[in-house]
Amino acid sequence: MNLQSLSSSLSNYLFLAMIAGIPLYCFMRGVKVYEAFIEGAKDGFQIVIRIIPYLVAMLVAIGMFRASGGFELLTKWLSPLLTKIGMPSDILPLALVRPFSGGAAKGVLADIIHNHGGDSFVSHLAGTIMGSTETTFYVIAVYFGAVSIRRTRHAIPAGIIADITAILASLWICRLLLSH
């Protein structure tokens, strides 16, 4: 048996043990597992109902910005700066969309990989950015909305600074490791 199949089998058994083990452990501790599951599902449903308006508002705003040509205009304006720091301009749509929507960012990433090939510098950079940044505005909208926080105070600037830092670090690391 080779290492890959051993690893696959081990991960499958560990996953099964976890799925079966957690309810079994809870049952042995006297927890009414089914009732606790139903109660958790009810609470989860209530949270979803509370956050849907924030999620819809954010997705509509992103759609309006994209339809208005805002992303293209920002790309045009920021291209000279990107050229100075050595970042391919094809990365900018990913960098702009990622803080708002993980799903949209995956679509942009797939488009970059399709256009440049999976083993290109641009694709490696896009994948690194995807893995090192966060959906900042999505998190703010959903989680702050779920607990009714209206004033985000320093969360948005901190999130944006973290995303910019992650993008620049991704560029530096990819340049260092891939010697482009």
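Quick caveat, the model's predicted, so the values are computed rather than measured. Every chain is numbered on its own, with residues counted from 1 as its sequence reads. Only residues with pLDDT of at least 70 are given local features in this predicted model, and only at 80 or more are side-chain atom pairs given and counted; all residues enter the totals for whole chains, interfaces and linings. Only hydrogens and water are removed before side-chain values are computed, so all heavy atoms of the structure are retained for them.

## Digging into the side chain of Ser120
Then, number 1: Residue placement: Ser120 occurs in the loop between α5 (102–116) and α6 (121–132).
Then, number 2: Two N or O atoms form a polar contact when they lie within 3.5 Å of each other; inside protein one atom must be a possible hydrogen donor and the other a possible acceptor, and for residues adjacent in sequence the pair counts only when both atoms belong to side chains. At a separation of 3.3 Å, a polar atom in the side chain of Ser120 contacts the main-chain carbonyl oxygen of His116.
Then, number 3: Here Gly117 takes part through its backbone oxygen, which lies 3.1 Å from a polar atom of the side chain of Ser120. A run of H or I in DSSP becomes a helix once it reaches four residues, and a run of E becomes a strand once it reaches two; helices and strands are each numbered from the N terminus.

## A look at the packing of helix α7 (residues 136–146) against helix α8 (residues 155–178)
Then, number 1: Look at α7 against α8: their axes get within 9 Å of each other, and the N-to-C directions meet at 150°. By the angle class used here, α7 and α8 are roughly antiparallel. Regarding α7 and α8, the two cross each other, and that crossing is right-handed. Side by side, α7 and α8 meet where Thr136, Phe137, Ile140 and Phe144 of the first sit next to Ala155, Ile156, Gly159, Ile160 and Asp163 of the second.
Then, number 2: Split into classes, the residues belonging to the contact of α7 with α8 amount to 6 nonpolar, 2 polar and 1 charged. In this analysis an axis means a line fitted to C-alpha atoms, helices contributing only their contacting stretch, and an angle means the value between N-to-C directions, from 0 to 180 degrees. Working definition: roughly parallel below 35 degrees, roughly antiparallel above 145 degrees, roughly perpendicular at 65 to 115 degrees, and oblique for all remaining angles. Each crossing gets its hand from how the near helix is turned against the far one by less than a right angle, where anticlockwise is left-handed and clockwise is right-handed. Contact definition: two residues touch when any of their heavy atoms are within 4.5 Å. Note on residue categories: nonpolar means Ala, Val, Leu, Ile, Met, Phe, Trp, Tyr, Cys or Pro, charged means Asp, Glu, Lys or Arg, and polar means any other residue, Gly included.

## Considering unusual backbone geometry
Then, number 1: A positive phi angle is found at Arg153, which is not glycine, with a value near 50°.
Then, number 2: Looking at the secondary structure, you find Arg153 in the loop between α7 and α8.

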